[in-house]
Amino acid sequence: MERVIIVGGGLAGLRTAETLRAQGYAGGLTLVGAEPHAPYDRPPLSKAVLRGETDDTTVAADFDALDCATLLGRRATGLGEELETTEGPLAFDGLVIATGATPIRLPGDGPQHVLRTIDDARALRAALRPGARLVIVGAGWIGAEVATAAAAAGCRVTVAEAADAPLAGAVGAEAGTRTARWYAEAGVELRHGVKAASVEAGGLELAGGGSIEADLVLTGVGVRPETGWLEGSGLALENGVVVDEGLRTSRPGVFAVGDCAAWWSARFGRRLRVEHWDVALNAPDVVAANLLGGERTYDAVPYFWSEQFGRMVQYAGHHPAADTTVWREDPEADRWSLCWLSGERLVAILTVDRPRDLVQGRRLIASGAAVDAGRLADPQIPVKATVRG
């Protein structure tokens, strides 16, 4: 293999370049990125960047030392025998697709913000002025974090959520309901069962009539994998680029990693597409090894964290694989954990300001050990001590 191209200038793309070199690849290496910026971390965009604590989340990288050509501001447009881009085709022997995902936008001609790039974060931060009327569509992870920053900046914040509870789509209504009071405590109006129709000049138009007046609207209803440019390529596409447990696509020599990759998880017995920083950081190790002829598999326990309304919320695992839930501590308390079990096996855990539960729970999910649900429900017993003898 003499020419490897990485399509995607985010963390997953950079980590792939680094791990290829670390694992001994000495051939040509090119990173193609649609954004004009060098690779940067995305989690701080809705946290430290919006709060004005930093303006730069660039990941330290020495591309000269990596001997990696960087073609920034250049978008992939198609894939045949060569990689088609906005500035012409590029030949390759090995290809890694790491093009991430694109925020979903609402219809309408009104000013609409999304939060995915550093430019998005800077533009939104500049608009968060005291007294500004902000409507956030979606009470998911991004919606909660933006509401936190906007309320602290003195904005008048309304969150419109189509479901009956915050985070219902991410972790289910049972857990999401426990976070609803956080909004009121922060002075944020949370409106349930509100379906958005479009963004117009005066604010948010609602399905079925009515509107919410706003100076600015932030749409946070999820993302779609950035795979439109692969239509007609012959690659299998289904909610992302379909890859096996080694992150290989249906075409030899072509791999996918990060937010755009739908990989097979033997642990959970289903295909997963995980939009978390942890995957972008660690999955490239498997891609690099397999590009160089290895037979490694990727089946990590998904992990995610969120800072909202003064609380650290952490999640590990995949709760749709569960059949029962177990609470640790009074769920109305300030610190609690929710565990999901499949039979006697822990498959997911959500914690609020209980980091030890998260760390130990993540290890138990990885081990697949049977746990005692009764002991797990006792917050005085460490999660690791609930394993059946």
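Reading the values: the criteria
Residues numbered from 1 in each chain as written. Predicted model: local features only at pLDDT ≥ 70, side-chain atom pairs only at ≥ 80, totals over all residues. Heavy atoms only, no water. Helix = DSSP H or I, 4+ residues; strand = E, 2+ residues; numbered from the N terminus. Buried < 20%, exposed > 50% of the residue type's maximum accessible area, 1.4 Å probe, protein only. Polar contact = N/O pair within 3.5 Å; in protein donor to acceptor, adjacent residues only side chain to side chain. Contact = heavy atoms within 4.5 Å. Pairing = 2+ DSSP bridges. Axes fitted to C-alpha atoms, helices over the stretch in contact; angles between N-to-C directions. Expected span 1.5 Å × (residues − 1). Salt bridge = Lys/Arg side-chain N within 4 Å of Asp/Glu carboxyl O. Core = buried A, V, L, I, M, F, W, Y, C linked by side-chain atoms within 4.5 Å. Phe/Tyr/Trp six-rings, centres within 6.5 Å; stacked < 30°, edge-to-face > 60°.

(A) Region of interest: the side chain of Arg21. Assignment of secondary structure puts Arg21 in helix H1 (residues 11-22). For Arg21, a relative accessible area of 18% translates into the label buried. A polar atom in the side chain of Arg21 sits 2.9 Å from the backbone oxygen of Gly27.

(B) Broad picture of helix H3 (residues 118-127). Residues of H3 that are buried: Ile118, Asp120, Ala121, Leu124 and Ala127. On its buried side, H3 packs onto strand E8 (112-113), helix H4 (141-152) and strand E15 (216-219).

(C) Seen up close, the environment of Ser306. Positionally, Ser306 belongs in strand E21 (residues 303-308). In this view, Ser306 contacts Lys47, Trp141, Glu145, Arg311, Met312 and Val313; residues no more than four positions away in its chain are not counted. A polar contact of 2.9 Å, which involves the side chain of Ser306, links it to the side chain of Gln308.

(D) Examining the sheet that holds strand E20 (residues 270-272) more closely. Overall, mixed pairing links the three strands, which are arranged E17-E19-E20 in an open sheet. Each edge of the open sheet carries a strand with a single partner, namely strand E17 (241-243) and E20. Taking the axes of each pair of neighbouring strands and ignoring which way they run, one obtains an average angle of 30 degrees across the sheet. Of the pairings in the sheet, the one linking E17 to strand E19 (residues 261-265) comprises three bridges and is parallel in character. By the bridge assignment for E19, Val242 is matched with Ala262.

(E) Local environment of helix H9 (residues 355-367). Here H9 spans 19 Å end to end across 13 residues, near enough to the 18 Å set by a 1.5 Å rise per residue. Within the span of H9, buried status applies to Asp357, Leu358, Gln360, Gly361, Leu364 and Ile365. Contacts from the buried residues of H9 go to E21, strand E22 (311-317), strand E23 (324-328), strand E24 (336-342) and strand E25 (345-352).

(F) Layout of the pattern of salt bridges. Enumeration over the complete set of coordinates arrives at 26 salt bridges. Note that Arg181 is salt-bridged to Glu185, the shortest N-O span being 2.6 Å. With Arg181 and Glu185 both in helix H7 (residues 180-185) and four residues apart, the pair spans about one turn of that helix. Here Asp357 makes a salt bridge to Arg328, at a shortest N to O gap of 3.0 Å. Separated by 29 residues along the polypeptide, Asp357 in helix H9 and Arg328 in strand E23 bring together distant segments of the chain. Comparing Asp357 with Arg328, the two get one shared label, buried.

(G) Region of the structure containing the sheet that holds strand E14 (residues 211-213). With antiparallel pairing, three strands are arranged side by side in an open sheet as E12-E13-E14. A strand with exactly one partner marks an edge of an open sheet, and here the two such strands are strand E12 (196-200) and E14. Looking at each pair of strands side by side, their axes are set apart by 20 degrees on average, direction ignored. Alignment of strand E13 (residues 203-206) against E14, held across three bridges, turns out to be antiparallel. For Glu205, the partnering residue across the bridge sits in E14 and is Ser211.

(H) Broad picture of the nonpolar core. Grouped together as the largest cluster of nonpolar side chains are 109 residues, with contacts concentrated most on Leu83 and Ile97. Top element by residues in this core is helix H8 (residues 277-291). It accounts for seven residues. Among residues more than four places away in sequence, those in contact with Leu83 are Ile5, Val7, Val32, Ala76, Gly78, Gly88, Pro89, Leu90, Phe92, Leu95 and Trp229. Membership of the second largest hydrophobic core comes to eleven residues, among which are Leu106, Val137, Ala160 and Ile212.

(I) Broad picture of the packing of aromatic side chains. The final tally for this structure, using the stated rule, is seven aromatic pairs. Ring geometry for Tyr315 versus Trp340: centroids 6.0 Å apart, planes at 70 degrees, classification edge-to-face. With Tyr315 in strand E22 and Trp340 in strand E24, this pair connects stretches of sequence that are 25 residues apart. Using a relative accessible area of 8% as the deciding quantity, one classes Tyr315 as buried. When the centroid spacing of 5.2 Å and the interplanar angle of 65 degrees are considered together, the rings of Trp327 and Trp336 count as edge-to-face. Classification of Trp336 as buried rests on a relative accessible area of 1%. Taken together, the aromatic side chains of Trp277, Tyr303 and Trp305 make up a single cluster linked through ring pairs.

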